[in-house]
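# Structural description and commentary
Residues per chain are reported as follows:
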Amino acid sequence: MAGTTGNEDFVVIPSDGEEDADFGMTRPNIGLITNRLFGVDDGNAENSFTTEDVIKGMEDDEGETGGMLDEMLRHKGDMNEDTNYGELGKEKNPFDYEEDDDDDEEYDELAALGGRSKQSKDTSSSNSRKSGLGSWVEEGQRRIRSSEVSYRMNYLTCVAAIGGFLFGYDTGVISGAMPPLKRAFDLTTKQEEVVVSSTIFAAFIASLWGGSLNNTFGRRIAVLFSASVFTFGSLMLSIAWNYSSLIFGRVVVGIGIGVASLTTPMYVAEIATPSMRGTLVTVNGLLICFGQFSAGMVDGLFETFDENDGWRFMLGLAAIPSVLMFIGFLYLPESPRWLAMAGKSGEALDVLRTFRDTDREAQEEMVEIMDSLATDVSMEDEDIDSRSGSNVSIEMSGNVGLTGSGTKKSSFSQIFDMLSDAPTRRALFLGCGLMVLQQLSGINTVMYYAASIYEMSQFNEKTAIWLSGFTSLAQVLGVGMSIRLVERKGRRTLVLTSLFFVTLSLCGLGLSFYLARISSSQVEAINDEQCFSQPAKVWDGVTANCYDCVQIDGCGFCAGVCAAGNDIGPFDDGVCNFNKGDEWIFGACENRYGYMSVFFMVAYLLSFGIGMGPLPWTINSEIYPLTHRSRAVSLSTATNWIGNLVVSSTFLTIASPSILTTYGAFWLYTALAILGWCWLYCVMPETKGLSLEEIELLFRKDEDTSVEDLVAERETFIT
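Residues numbered from 1 in each chain as written. Predicted model: local features only at pLDDT ≥ 70, side-chain atom pairs only at ≥ 80, totals over all residues. Heavy atoms only, no water.

## Some details on the overall build of the protein chain
Our working rule: Each helix is a run of H or I in the DSSP string that is no shorter than four residues. Each strand is a run of E no shorter than two, and both are numbered from the N terminus. Only protein chains enter the accessibility calculation, which uses a 1.4 Å probe. A residue is then buried if its area is under 20% of the maximum for its type, exposed if over 50%, and partly exposed in between. Values of accessible area rely on a 1.4 Å probe in the Shrake-Rupley scheme; residue burial ignores everything except the protein chains shown.
A tally of helices and strands in the protein chain yields 28 helices and six strands. Scored against the burial criterion, the 719 residues of the protein chain give a buried share of 50%. For the protein chain, the accessible area works out to roughly 34,000 Å², and carbon and sulfur atoms hold 56% of it.

## Quick look at the packing of helix α7 (residues 219-238) against helix α11 (residues 319-330)
Filter applied, for reference: Structural elements are reduced to axes, namely lines fitted to C-alpha atoms, with helices fitted over the stretch in contact, and the angle between N-to-C directions of any two is expressed from 0 to 180 degrees. To sort the angles, those under 35 degrees are grouped as roughly parallel, those over 145 as roughly antiparallel, those from 65 to 115 as roughly perpendicular, and the leftovers as oblique. By convention the crossing between two helices is left-handed if the near helix lies anticlockwise of the far one by an angle smaller than a right angle, and right-handed if it lies clockwise. Residues count as neighbours in contact if any of their non-hydrogen atoms are within 4.5 Å of one another. Each residue is assigned to one class: nonpolar for Ala, Val, Leu, Ile, Met, Phe, Trp, Tyr, Cys and Pro, charged for Asp, Glu, Lys and Arg, and polar for all the others, Gly among them.
The geometry of α7 relative to α11 is characterised by a closest axis approach of 8 Å and an angle of 155° between their N-to-C directions. On the basis of their axis angle, the class for α7 and α11 is roughly antiparallel. Relative to α11, the crossing made by α7 is left-handed. Packed against α7, whose contacting residues are Arg-220, Val-223, Leu-224, Ser-226, Ala-227, Ser-228, Phe-230, Thr-231, Ser-234 and Leu-235, the element α11 presents Ala-319, Ser-322, Val-323, Met-325, Phe-326, Phe-329 and Leu-330 at the interface. Residues of the contact of α7 with α11, tallied by class, amount to 11 nonpolar, five polar and one charged.

## Describing the pattern of salt bridges
Note the cut-off: Any Lys or Arg side-chain nitrogen located within 4 Å of an Asp or Glu carboxyl oxygen qualifies as a salt bridge.
In this structure the tally under the stated criterion is 11 salt bridges. For Asp-359, the salt bridge goes to Arg-145, with nearest N and O atoms at 2.9 Å. In this pair, Asp-359 is assigned in helix α14 (residues 359-380) and Arg-145 in helix α5 (residues 121-185), connecting sequence segments 214 residues apart. On the basis of relative accessible area, Asp-359 is assigned to the partly exposed category, the value being 34%. Classification of Arg-145 by relative accessible area gives partly exposed; the value is 22%. In this structure, Glu-270 engages Arg-219 in a salt bridge whose closest nitrogen and oxygen atoms are separated by 2.7 Å.

## Some words on the state of the cysteines
Note the cut-off: For this text, the term disulfide refers to a pair of cysteine sulfurs within 2.5 Å.
According to the stated counting rule, one finds four disulfides in the structure shown. Paired by a disulfide, Cys-531 and Cys-555 hold their sulfur atoms 2.0 Å apart. Of note, the bridge from Cys-531 to Cys-555 carries an S-S torsion of about -95° and is left-handed in sense. Placement of the pair is Cys-531 in the loop between β4 (525-526) and α22 (546-550) and Cys-555 in strand β5 (residues 555-558), with a sequence separation of 24 residues. There is a disulfide in this structure between Cys-546 and Cys-589, and the S-S distance comes to 1.9 Å.

## Topic: a nonpolar patch on the surface
This is how the line gets drawn: A residue counts toward a patch only above 30% relative accessible area and without a salt bridge, and it is joined to like-charged neighbours within 9 Å or, for Val, Leu, Ile, Met, Phe, Trp and Tyr, to nonpolar neighbours within 5 Å.
Together, Phe-313, Leu-317, Ile-320 and Leu-324 give the surface a local cluster of nonpolar side chains, amounting to about 370 Å² of exposed area. Mapped onto the secondary structure, Leu-324 falls in helix α11.

## What about the side chain of Ser-630?
Stated formally: Under this definition, polar contacts are N or O atom pairs within 3.5 Å; protein pairs additionally need one hydrogen-donor-capable and one acceptor-capable atom, and for neighbouring residues in sequence, both atoms have to be side-chain atoms.
Take Ser-630: it is sitting in helix α25 (residues 626-654). Judged by its relative accessible area of 0%, Ser-630 is buried. Here Arg-219 takes part through its side chain, which lies 2.5 Å from a polar atom of the side chain of Ser-630. Among all residues touching Ser-630, those that are not within four sequence positions of it are Gly-211, Asn-214, Asn-215, Arg-219 and Met-266.

## Some words on a positive patch on the surface
For the record, the criterion: Charged residues are defined here as Lys and Arg on the positive side and Asp and Glu on the negative side; His and the ends of the chain fall outside this count. Where a charge sits is defined by one atom per residue type, namely NZ (Lys), CZ (Arg), CG (Asp) or CD (Glu).
Where like charges cluster on the molecular surface, the positive patch consists of Arg-484, Arg-488, Lys-489 and Lys-688. Along the chain, Lys-688 falls in the loop between α26 (661-683) and α27 (692-697).

## Observations regarding the environment of Gly-442
Note on placement: Gly-442 falls in the loop between α16 (422-440) and α17 (443-448). Linking Gly-442 and Phe-608, residues 166 residues apart in sequence, is a C-alpha distance of 9.9 Å. Not counting residues up to four positions away in its chain, the partners in contact with Gly-442 are Tyr-604 and Tyr-669.

## Observations regarding unusual backbone geometry
In this structure, Asp-186 is a non-glycine residue whose phi angle is positive, near 50°. Its place among the elements puts Asp-186 in the loop between α5 and α6 (189-217). If you check the backbone angles, Thr-661 has positive phi at about 70° while not being a glycine. For Thr-661, the position within the fold is in helix α26.

## Topic: α26
How we decide: By definition here, a helix of n residues has an expected span of 1.5 Å times n minus one.
Spanning 23 residues, α26 covers 33 Å between terminal C-alpha atoms, matching the ideal 33 Å at 1.5 Å per step. Inspection of α26 places Thr-661, Thr-662, Tyr-663, Gly-664, Ala-665, Phe-666, Tyr-669, Thr-670, Ala-673, Gly-676 and Leu-680 among the buried residues, and these make up the whole buried set.

## A closer look at helix α20 (residues 473-489)
Test applied: Note that bend, as reported per residue, equals the angle between axes fitted to the 7 residues terminating at that residue and the 7 residues originating from it.
Between its first and last C-alpha, α20 extends 23 Å over 17 residues, near the 24 Å set by a 1.5 Å rise per residue. Along α20, the sharpest kink reaches roughly 35°, centred on Ile-483. Within α20, the full set of buried residues consists of Ala-474, Gln-475, Val-476, Gly-478, Val-479, Ser-482, Ile-483, Val-486 and Glu-487. Of the residues one or two after α20, Gly-490 is the one with positive phi, at around 100°.

## As for the packing of aromatic side chains
The line we're drawing: Between 30 and 60 degrees the pair is tilted, below 30 it is stacked and above 60 it is edge-to-face, where a pair is any two Phe, Tyr or Trp rings, Trp via its six-membered ring, whose centres lie within 6.5 Å. Throughout this description, the term charge over a ring refers to an Arg CZ or Lys NZ atom that lies within 6 Å of the ring centre and within 35 degrees of the ring normal.
Enumeration over the complete set of coordinates arrives at 20 aromatic pairs. Judged by centre distance (6.1 Å) and plane angle (25°), the ring pair of Phe-165 and Tyr-169 falls under stacked. Pair noted here: Phe-165 and Tyr-169 are both in helix α5, with a separation of four residues, about one helical turn. Measuring from centroid to centroid gives 5.2 Å for Phe-599 and Phe-600, while their planes differ by 75°, and the two rings are edge-to-face. Arg-492 extends its terminal NZ or CZ atom over the ring of Tyr-681, reaching a point 5.1 Å from the ring centre. One Lys or Arg, Arg-517, reaches over the ring of Trp-539 and ends 4.6 Å from the middle of that ring.

## Topic: the packing of α16 against α26
Relative to each other, α16 and α26 sit at 155°, their axes nearing to 10 Å. Relative to α26, α16 is oriented roughly antiparallel. Between α16 and α26 the crossing geometry is left-handed. Where α16 abuts α26, its residues Phe-429, Leu-430, Gly-433, Leu-434, Leu-437 and Leu-440 lie against Tyr-669, Leu-672, Ala-673, Gly-676, Trp-679, Leu-680 and Val-683. Grouping the amino acids of the contact of α16 with α26 by side-chain chemistry returns 11 nonpolar, two polar and no charged.

## Comments concerning the confidence of the model for the protein chain
Going by this rule: How sure the predictor is of each residue is captured by pLDDT, a score from 0 to 100.
When pLDDT is averaged along the protein chain, the result is 75; 71% of the residues meet or exceed 70. Ranking the helices and strands of the protein chain by mean pLDDT puts α26 first, with 94, and strand β2 (residues 10-12) last, with 38. This stretch, residues 58-121, has a pLDDT under 50; its non-local contacts, to residues over four places away or in other chains, come to 75 contacts. This stretch, residues 381-407, has a pLDDT under 50; its non-local contacts, to residues over four places away or in other chains, come to 50 contacts.

## Some details on the pairing of strand β6 (residues 561-564)
For clarity, the cut-off: At least two DSSP bridges between two strands are needed for those strands to be called paired.
Of the two faces of β6, the one lined by Val-561 and Ala-563 and the one lined by Cys-562 and Ala-564 are each fully buried. In terms of strand pairing, β4 meets β6 through two bridges, oriented parallel. Bridge assignment links Ile-526 to a residue of β6, and that residue is Cys-562. Where β5 meets β6, four bridges bridge the pair, whose relative direction is antiparallel. Bridge pairing in β6 links Cys-558 to Val-561. Here β5 folds back onto β6, and the loop between the two strands holds two residues, one of which, Ala-559, carries a positive phi near 55°.

Next comes the structure, spelled out in structure tokens:
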């Protein structure tokens, strides 16, 4: 120290020979103050503290203020052998001293008798100063650790959410890539359907198999596998040379999407804290929507600048985010819950410590996980291990696992056990039902066929393509709102609210198509028999207006006449008098209610994004017991993919005039959404703010066999 002021409690602490610019010329002499706090003789050079001693003690401390002070004491010698300041939490620490009336009365009584108490007011004041120092250091360490935990969680979420981006990108990119693919490989209608459905079917199969992959090798390895497969598939698509290689690439990409779509939400849910879990998992849904929007923009750009080979870039660019996801996951740990299930409780606790604000919080969560595993194992295995009792002990430095009797069961046996467990069966019914309802409410109908829907609203092709691209931003906005609200309002509230407005939007979409039909120009004459009528189930099929006319293949409308023709004009030159300004309409009639379709499309996507889009994935990632979680999420994800395949492959058929018509199809989805809302209102619990282990209890009923009953039966048998 360079020198002292007139007051011995303060010193000048220069920096490189200059005065400290941040704090001024003087600071408290921390060493001197500490000596007085501990009652040490300032003149005793061997035992007294210096400012450097205190700072060194702070820097050496690894998390506990008492531990820091204990190190300081050992550094200069044990000042008081009866006081161990490192045993915080075990006994009352002197730094936690609080004055109360009893202490005051005792001191007053001793003073009145002329006695002298060892715990006098001076000692109390000293303890208060000690408490201030300890609290200051402890708060600083807590903030540093909290900041580090927040950084790790944000990194983990961003990397994991790339899986959602890949899901969304592939969903959206094929729409714009299909026209150039059709030209490049001369695809038939059937082959086009195979190109689209091959990825969906592969994702369905992969999601079923992905549960076993997750159970056997862990969440992290499953994501690395999916990223590798997706990268290979994308590169394969970018160099496809014929129809067969194109299908092969689409299948490979589907496998990667299928595994990633079930693993990444589950991985984030198993690491996130209960207060952040809903928000972080919902980010995955946001990236799905953003991926769909990005695909639309990429399609438009490459279609504009390279009509012939632009599709190679559209499909191949997906390799970039998949490589980033692979690299990112190399630096992420395995899920602590999978590690615990695999018998690696020591590693699981280490992971929890890096993602929790305090060690106590990590240890308490580890106890919950082990208790949950003990319960799950006991419920599915009559040969209950002694570790599955109510008092679960955890050797924090060791590797303790709960694996039942230790006999590895086949996949079919595990699925049978899962379906035989009543609480898991109830959760699975809710999870799969949510996924089916998500598809039956028409989302992928809207996403795959947005441009076609706008064309059905009588917009021309170019306008329809740009409208479909930009209106998808409404869903991105909706998911952004969901992220903000999911931990405030809860999953149940957002899902029910979202589905309510989705229902209204679907009804409005159907109404806009119906009004477009009945308000279009009336047909006064029909000059070709093929244009007179068309097959129909819910209406008479007779051509009455322009809307009906252009729905018939090979027919168009001009000056009140429905006539046979093509996109150039009618086959009968006498139908239209172009010199008088007659217009030949072949595909899209004038529609005064087109704005209404756009409005309800935006309202639909916004409402869907708030709840029904991301939250079924969030809920499915958190409602299943740990021992069945991988397979249950696998089954619910497969349900989503098969629903996707069925709905997307039937929309154009049921929306045709010969079946339900466009407005009839949307009203069908409206009816299904109403039924779904009533069902969810009755069966869906709220999971906001609960740990994964607490959520398990929501699906358990009084009549279910308890662990205690199974233990009692075992003890009775042994007796």
